[in-house]
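Single-letter residue listing:
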Amino acid sequence: MNLLRVELCTQLLHLLLLLLQLLLHIVNQLAQGISDVAGQTNYNTQNLLDGSNGTMQVSIGNGSTQLTTNDATLSGIGLTNLNASSASFLSDLDSVIENVNSMRSQGGAEYNGFEHAYNNLTNGRSNTITSYSRKVDQDMGAGMSELKKQQALQQYQMQMQRKKMETQQNHARALFS
């Protein structure tokens, strides 16, 4: 019976060791993925996630703002010194998760700021185009009104000149008849 227990404990330890090795392999693959993303994410040839830029100046409309670029490399988020066999592994892992969440929060807040500025500029542009269109439409209406007025005045003047000429012709006929 004791021999059976020892055998079961040995198999259980062996399975736990295999599971731990599998988990470490998965963690290493994920760490490599994080490293690849942090090293290859760039904009206009500037790396965004490796911490080399610190802040970037971004122009929005007439103003500008600072964009903070975090160090999302393995060392930047605190993932290089993790030891799965240490007693503080879970608290260290919590610290890494906190770092990542903090970076995501900051990035999300900056993104929301940019999105607000973009929407504000788009709205301003749309309002300007609408206002200009209304002004042109009003000018067109006023112009058409003025044209109709001038045409009516011209027709009236022509009629008056015709009547004047007819009256003069009638006077001339009356004198010579």
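What this report covers is the structure whose coordinates are included nearby.

Definitions and cut-offs
Residues numbered from 1 in each chain as written. Predicted model: local features only at pLDDT ≥ 70, side-chain atom pairs only at ≥ 80, totals over all residues. Heavy atoms only, no water. Helix = DSSP H or I, 4+ residues; strand = E, 2+ residues; numbered from the N terminus. Buried < 20%, exposed > 50% of the residue type's maximum accessible area, 1.4 Å probe, protein only. Contact = heavy atoms within 4.5 Å. Areas by Shrake-Rupley, 256 points an atom, 1.4 Å probe, with all protein chains shown as cover. Lys, Arg positive; Asp, Glu negative; His and termini not counted. Charge placed at Lys NZ, Arg CZ, Asp CG, Glu CD. Expected span 1.5 Å × (residues − 1). Core = buried A, V, L, I, M, F, W, Y, C linked by side-chain atoms within 4.5 Å. Patch = residues over 30% accessible without salt bridge, like charges linked within 9 Å, V, L, I, M, F, W, Y side chains within 5 Å. Salt bridge = Lys/Arg side-chain N within 4 Å of Asp/Glu carboxyl O.

## Section: the overall build of the chain
Along the backbone of the chain there are three helices and four strands. With the C-alpha coordinates aligned to their principal axes, the bounding extent of the chain is approximately 155 × 40 × 25 Å. For the chain, with 177 residues in total, the buried portion stands at 7%. Of all intrachain contacts in the chain linking residues separated by at least 6 positions in sequence, the fraction that spans at least 24 positions is 34%. A total of about 14,500 Å² of accessible surface is found on the chain, and carbon and sulfur atoms cover 57% of it. A distance of 38 Å separates the average location of the 11 positive side-chain charges in the chain from that of its 13 negative side-chain charges.

## Side note on helix α3 (residues 89-176)
The end-to-end C-alpha separation of α3 is 129 Å, in line with the 130 Å expected for 88 residues at 1.5 Å each. Buried within α3 are the following residues: Val96, Met103, Glu110 and Ala117.

## Observations regarding the nonpolar core
Proteins that are soluble and globular tend to have nonpolar side chains buried together. Ala31, Ala72, Ile77, Leu79, Val96 and Met103 form the largest nonpolar core, which has six residues in total. Here Val96 is in contact with Ile77, Gly78, Leu79 and Leu82, once residues within four sequence places are set aside.

## Section: a nonpolar patch on the surface
A cluster of nonpolar side chains, Leu12, Leu13, Leu16, Leu19, Leu22, Leu23, Ile26 and Leu30, forms an exposed patch at the surface whose accessible area comes to about 760 Å². Mapped onto the secondary structure, Leu30 falls in helix α1 (residues 2-40).

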